[in-house]
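# Observations on the three-dimensional arrangement
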Amino acid sequence: MSETQPKDIAEAPADGGGGQLSPLSIQAAALVRSIDSLSSVFWIGFAGTFLSMFFAGLSQLEANAATDHIYLGEYQVPKSILPLISVGFAGFTFWLTGNRINMLSEALRRSHLPAATVHEIFRLNPPVLNIFDADNAKPWKPTTGVNVFIINWAIFFGNSLALTWSSALQRGASLGNFDPALLGLYLLLTLLVIAYGGRATGPPLTRIHHALHGMALRVGWPRYLISGAIIAAVFVINHWNQVAAPMEQTDDLLGPAPGNAIDGGTLLLRGVEVQLFGMDAMEADQACQDAAGADYPCGRRAAHALQTLLQTGEVVCFPLFAINESRVVAVCELAEDGADVPTAPGDFMRAGRERNLSRLMIAQGHALSIGIGSEYFHDEQNEAQRQRIGIWQGSFQPPSAWRRR
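Presented here is a report on the structure given in the accompanying data block.

So, about unusual backbone geometry. The phi torsion at Arg-388 lies on the positive side, around 55°, for a residue other than glycine. Here Arg-388 lies in the loop between α13 (373-387) and α14 (399-404).

Here it is, written out as structure tokens:
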């Protein structure tokens, strides 16, 4: 700030009268206000992390996991927009943080205050995260403000990636269809925002540290490792049931364990993609016609129906054969407390096994019996057709014909 101040500013009375404000007192006030505004931005970042934890937790609740929305009382939040909101919030907050640190750096550069006075201002009025203390240059010290700042954002991005995965698991979500290109775009966008955050906040923070302490501030590889580990840990905690290692299974069965629907005929169980045997469900993007001839998304309804069944309890499957290392065809049913778990494929399929997932999906009119499944599930399919349940309410193409088209 120039030493020559406009008279109406430099000579403005303090406290409504009495003494005069000097240029140095104006510079001191600028530093204090810049530090205070930075504290406000940090609180915004903390609030964003809390909300990301809140929504990531809500998405795992039984009532929300079965749909492509998160229910908040009478309101519904589409899961598909949460990843975009998360990345957008992070980008805006990084911009705001960088703007405020730049503003403080510029106020410090223009200041003609004695060094002792500047240090006293920072000592008496530090921001919520004291990222300007000399100890922040020590990457191994866990309680420094820079470390807390990095940990806060690592938790946020871990929850953001968990929300992206939750949206992808819901095949009914408008942007969640397990498209590798789309998921790759989400990941790339997240990495770009993280890189932007480092570029927006790092250089001005380094300049301030150099002005205050005569030394540069470097993030250091320990902080990079810790932040990466935190992101991974938060993601795993949010989706522990989906990433649990299938190799822990001690017998020929897969489960009992919680499952998650990928589409109407496929579920994810202990990290393995399981295709249900003896049935062919409507494809995820398939449309059918109701009794009035209007199109409706029967594929999405099938995925939601399977997810709703999976939320009622754990699932146990008997793998019949493997398609590849991570995908099997299996007979599956909902595990029942106190009931004997079948040990052979025929036990899963026989009449009376009312918790068999293929039988339930066919009975609800979301799938057709195929192959040997026609021998076991023909009664359920005939009854669904007689009552015009699900796809039988109007017209539809068999999923095999839809795939060929």
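Right, let's talk about the state of the cysteines for a bit. Counted according to the given criterion, the structure contains two disulfides. Across the disulfide from Cys-288 sits Cys-298; the S-S distance is 2.0 Å. Handedness of the Cys-288-Cys-298 disulfide follows from its S-S torsion of about 65°: it is right-handed. Taken together, the residues span a long stretch of sequence, with Cys-288 in strand β8 (residues 288-289) and Cys-298 in helix α10 (residues 298-310) at a distance of 10 residues. The residues Cys-288 and Cys-298 share a single accessibility class, namely buried. Covalent S-S linkage joins Cys-317 and Cys-332, the inter-sulfur distance amounting to 2.1 Å. Because the sign of the S-S torsion sets the handedness, a value of about 115° for the bond joining Cys-317 and Cys-332 places this disulfide among the right-handed ones. You can see Cys-317 sitting in strand β10 (residues 315-324) and its partner Cys-332 sitting in strand β11 (residues 327-334), a full 15 residues away along the chain. For the pair Cys-317 and Cys-332, a shared accessibility class is recorded, and that class is buried. The disulfide pattern of the protein chain is 1-2, 3-4 when the bonded cysteines are numbered in sequence order.

Moving on, we come to the sheet that holds β11. Strand order in the open sheet formed by six strands is β3-β10-β11-β6-β5-β4, and the pairing between neighbours is mixed. Across the chains shown, the open sheet's two edge strands, defined by having one partner strand only, are β3 (254-257) and β4 (259-263). The mean inter-strand angle of the sheet, taken between neighbouring strand axes irrespective of direction, is 35°. Where strand β6 (residues 272-276) meets β11, four bridges bridge the pair, whose relative direction is parallel. Directly across from Glu-273, in β11, lies its bridge partner Arg-327.

Over its 18 residues, helix α8 (residues 221-238) extends 26 Å from the first C-alpha to the last, a length consistent with the 26 Å expected when each residue adds 1.5 Å. Looking only at α8, the buried set comprises Pro-222, Arg-223, Ser-227, Ile-231, Val-234 and Asn-238. Mapping the buried residues of α8 onto a view down its axis gives an arc of 165°, with all of them on the same face. Residues Trp-221 and Leu-225 are exposed on α8 and point more than 90 degrees away from its buried face.

Calculation criteria
Residues numbered from 1 in each chain as written. Predicted model: local features only at pLDDT ≥ 70, side-chain atom pairs only at ≥ 80, totals over all residues. Heavy atoms only, no water. Helix = DSSP H or I, 4+ residues; strand = E, 2+ residues; numbered from the N terminus. Disulfide = S-S within 2.5 Å. Buried < 20%, exposed > 50% of the residue type's maximum accessible area, 1.4 Å probe, protein only. Pairing = 2+ DSSP bridges. Axes fitted to C-alpha atoms, helices over the stretch in contact; angles between N-to-C directions. Expected span 1.5 Å × (residues − 1). Arc of directions from axis to C-beta.

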